[in-house]
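Architecture at a glance
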Amino acid sequence: MFRRSAQDTGLGGHYRDVMHDPIYRRLFAFPRMVRDLLRAVGHPDWLGDVDLGSIEKLPAEYVGDSGQKRRGDAVWRLRFHNGWLYLLVLLEFQSRSDARMALRNLEYTALLYRELDRRGELGAPGRWPPVLPVVLYNGDAPWTAALEMRDLVAPVPGVLSPFQPSQRSLLLDERRVAVDDLPLGNLMRAVVGFEQSRTPTDVARVAEALRGSLRSPQDTNLGRAFAAWMQQMVVGISPGQAGLELGETLEEATMTLVERIAQWPEQWRREGVAEGRREGVAEGRREGVAEGRREGVAEGRREGVAGQRALLRRVAATRFGDAVGERVERLLADTEDWERLSAAAELIATAQTEADLIDAVSDVMHRPGCL
């Protein structure tokens, strides 16, 4: 159903295993998140028959006949035709796909039917409510495990095939879905965007777009859940920012992150200069490498300046849109002056309007001499 994104991106599996579990459970406790998940993965042939406004959350813990307990990650039900559609949402936080996932879903489905039977809600044979198992996966490697229970069973002659257990799970492999394949305004675009973020700037760009989808007062708590995730994402990507406090609301977290990103280049420049001096002294002591060292320093400086300009363009685009980011990039294109670039970074973080930003950056670039 989805194209794969151009590259496998995001955080390491261990970080997601430890941190994502409570965040995902918090996010997918909101009906709007589950409705958008269905809109993202549902097929038009049946999605149009689902009453998304009727969504109800159910307990996800069941007790089997022998007294053992099983817990699904989330269970919801929605009106479907003249009955219910039960949605099992399985959230996978591991670095490899689960070879037994199809079996787990079949087990959860059987326990769900048992629970409905105990409550007198199962209905007559032939009228039992359908179940849709959905697996959200964010592992490093592509999902390769079987999604059809029948595929876990050894091949059998055709006459035996009908007697084998069969159920298929619907998979959303978040790190390999192209965001543009998801519906506009769908909150799963933000979930996938965060999963595929490689830098704090990527996180800020996704958050800025997300703010436009969570402007209603009813979405305040959902925005807080995303803000908590942003906090963890930035620390996971940049461990040096462990003490960074972005704020509790989505707006606070986004603005704080954008402003902090604009300040980092100057810090990195200072650290880079000090490190370069240390390396230069050590390298300069080695006979015969002086010229190579000078060339390497010059090349490294050019690459660093280019990376700085690209970062400033992205930060400006995050705050004011792609068009402003491109204008800032053009204004900075001819300078390799670190002080000018640092001044531009501060302006990007503090400017109140697009016009103020463009005027101020233009003024900095046209001042004579060094700042």
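All of these numbers come straight from a predicted model, not from anything done at the bench.

Tallying secondary structure elements over the protein gives 12 helices and 7 strands in all. Scored against the burial criterion, the 371 residues of the protein give a buried share of 44%. Partitioning the contacts of the protein with sequence separation of at least 6, the portion at a separation of at least 24 is 68%. For the protein, the exposed surface amounts to about 19,100 Å²; the carbon and sulfur share of it is 50%.

Attention now moves to the pairing of strand S4 (residues 74-80). Burial analysis of S4 places 6 of its 7 residues in the buried class, which makes it a mostly covered element. Alignment of strand S1 (residues 50-58) against S4, held across 5 bridges, turns out to be antiparallel. Bridging from a neighbouring strand, Asp51 pairs with Arg79 of S4.

This paragraph deals with the packing of helix H10 (residues 322-332) against helix H12 (residues 354-366). Two numbers describe a pair of packed helices, the interaxial angle and the distance between the axes. Between H10 and H12, whose axes approach to 10 Å, the crossing angle comes to 5 degrees. When the axis of H10 is compared with that of H12, the two are roughly parallel. Counting all contacts with H10, which are made through Val324, Arg327, Val328, Leu331 and Leu332, the residues of H12 involved are Glu354, Leu357, Ile358, Val361, Ser362 and Met365. A breakdown of the residues in the contact of H10 with H12 according to their chemical character gives 8 nonpolar, 1 polar and 2 charged.

Moving on, we come to the packing of aromatic side chains. Applying the stated criterion across every chain yields a total of 7 aromatic pairs. Arranged with centres 5.5 Å apart and planes meeting at 75 degrees, the rings of Tyr24 and Trp229 form a pair that is edge-to-face. Placement of the pair is Tyr24 in helix H1 (residues 13-27) and Trp229 in helix H7 (residues 220-237), with a sequence separation of 205 residues. Like Tyr24, the residue Trp229 is buried in the burial classification. Relative to Trp143, the ring of Tyr137 lies with its centre 5.0 Å away and its plane at 80 degrees, an arrangement referred to as edge-to-face.

When a protein is soluble and globular, its nonpolar side chains tend to lie buried together. Grouped together as the largest cluster of nonpolar side chains are 75 residues, with contacts concentrated most on Phe194 and Phe226. Ranked by the residues each element gives to this core, the list is headed by H7, at 9 residues. Discounting residues that sit within four places of it in the chain, Phe194 has contacts with Val203, Val206, Ala207, Leu210, Phe226, Trp229, Met230 and Met233. In this structure, Leu58, Met101, Val135 and Trp143 belong to the second largest nonpolar core, which totals 19 residues.

The residue His81 is not glycine, and still its phi comes out positive at about 55 degrees. With respect to the helices and strands, His81 occurs in the loop between S4 and strand S5 (83-92).

Together, Val156, Val159, Leu160 and Phe163 line one region of the surface with nonpolar side chains, adding up to about 410 Å² of accessible area. Turning to its location among the elements, Val156 is positioned in the loop between strand S6 (131-137) and strand S7 (170-173). Note on Val156: relative accessible area 35%, which makes it partly exposed.

Mean pLDDT over the protein stands at 80; residues scoring 70 or higher make up 77%. Within the model, the stretch residues 1-19 combines pLDDT values under 50 with 63 contacts to residues more than four positions away or in other chains.

Moving on to the side chain of Asp202. Structurally, Asp202 can be placed in helix H6 (residues 200-211). Take Asp202: its relative accessible area is 14%, and that puts it in the buried class. A distance of 2.9 Å separates the side chain of Asp202 from the side chain of Arg205, its partner in a polar contact.

With that settled, the discussion passes to the pattern of salt bridges. Side-chain pairs of opposite charge can arise whenever the charged atoms involved come near each other. Counting across every chain of the model gives 15 salt bridges. Between Glu115 and Arg118 there is a salt bridge whose closest N-O contact spans 3.3 Å. Of this pair, Glu115 and Arg118 both sit in helix H4 (residues 101-118), 3 residues apart, which is roughly one turn of that helix. Across the salt bridge formed by Asp173 and Arg176, the nearest N and O atoms sit 3.0 Å from each other. Here Asp173 and Arg176 have matching classes, each one buried.

The rules behind these values
- Going along each chain's sequence as written, the residues are numbered from 1 onward.
- Local features in this predicted model are restricted to residues whose pLDDT is 70 or higher, and side-chain atom pairs enter the listing and the counts only when it is 80 or higher, whereas totals over whole chains, interfaces and linings include all residues.
- To obtain the side-chain values, all non-hydrogen atoms of the structure were used and water was disregarded.
- What counts as a helix is a DSSP run of H or I of at least four residues, what counts as a strand is a run of E of at least two, and both are numbered from the N terminus.
- Throughout, exposure labels follow a simple rule: accessible area from a 1.4 Å probe, protein chains only, divided by the maximum for the residue type, with under 20% read as buried, over 50% as exposed, and the rest as partly exposed.
- The contact definition used throughout considers only heavy atoms, calling two residues in contact when any of these lie within 4.5 Å.
- Computed with the Shrake-Rupley method and a 1.4 Å probe, the accessible areas treat only the protein chains shown as cover for residues.
- Strand pairing is assigned whenever DSSP detects at least two bridges linking the two strands.
- Structural elements are reduced to axes, namely lines fitted to C-alpha atoms, with helices fitted over the stretch in contact, and the angle between N-to-C directions of any two is expressed from 0 to 180 degrees.
- With respect to orientation, any angle under 35 degrees is reported as roughly parallel, any angle over 145 as roughly antiparallel, any angle of 65 to 115 as roughly perpendicular, and every other angle as oblique.
- Only Asp, Glu, Lys and Arg are considered charged, only Ala, Val, Leu, Ile, Met, Phe, Trp, Tyr, Cys and Pro nonpolar, and every remaining residue, Gly among them, polar.
- We call Phe, Tyr and Trp rings a pair once their centres come within 6.5 Å, taking the six-membered ring for Trp, and we label the pair stacked below 30 degrees between planes, edge-to-face above 60, and tilted otherwise.
- Think of a nonpolar core as a cluster: buried Ala, Val, Leu, Ile, Met, Phe, Trp, Tyr and Cys residues, connected wherever their side-chain atoms sit within 4.5 Å.
- Put simply, a patch holds well-exposed residues, over 30% relative accessible area, that have no salt bridge, with like charges counted together within 9 Å and Val, Leu, Ile, Met, Phe, Trp or Tyr side chains within 5 Å.
- One speaks of a salt bridge when a side-chain nitrogen belonging to Lys or Arg is within 4 Å of a carboxyl oxygen belonging to Asp or Glu.
- Across the chain, each position has a pLDDT score giving the predictor's confidence in that residue, from 0 to 100.
- We call two N or O atoms a polar contact when they sit within 3.5 Å, provided that within protein one can donate a hydrogen and the other can accept it, with sequence-adjacent residues counted only if both atoms are side-chain atoms.

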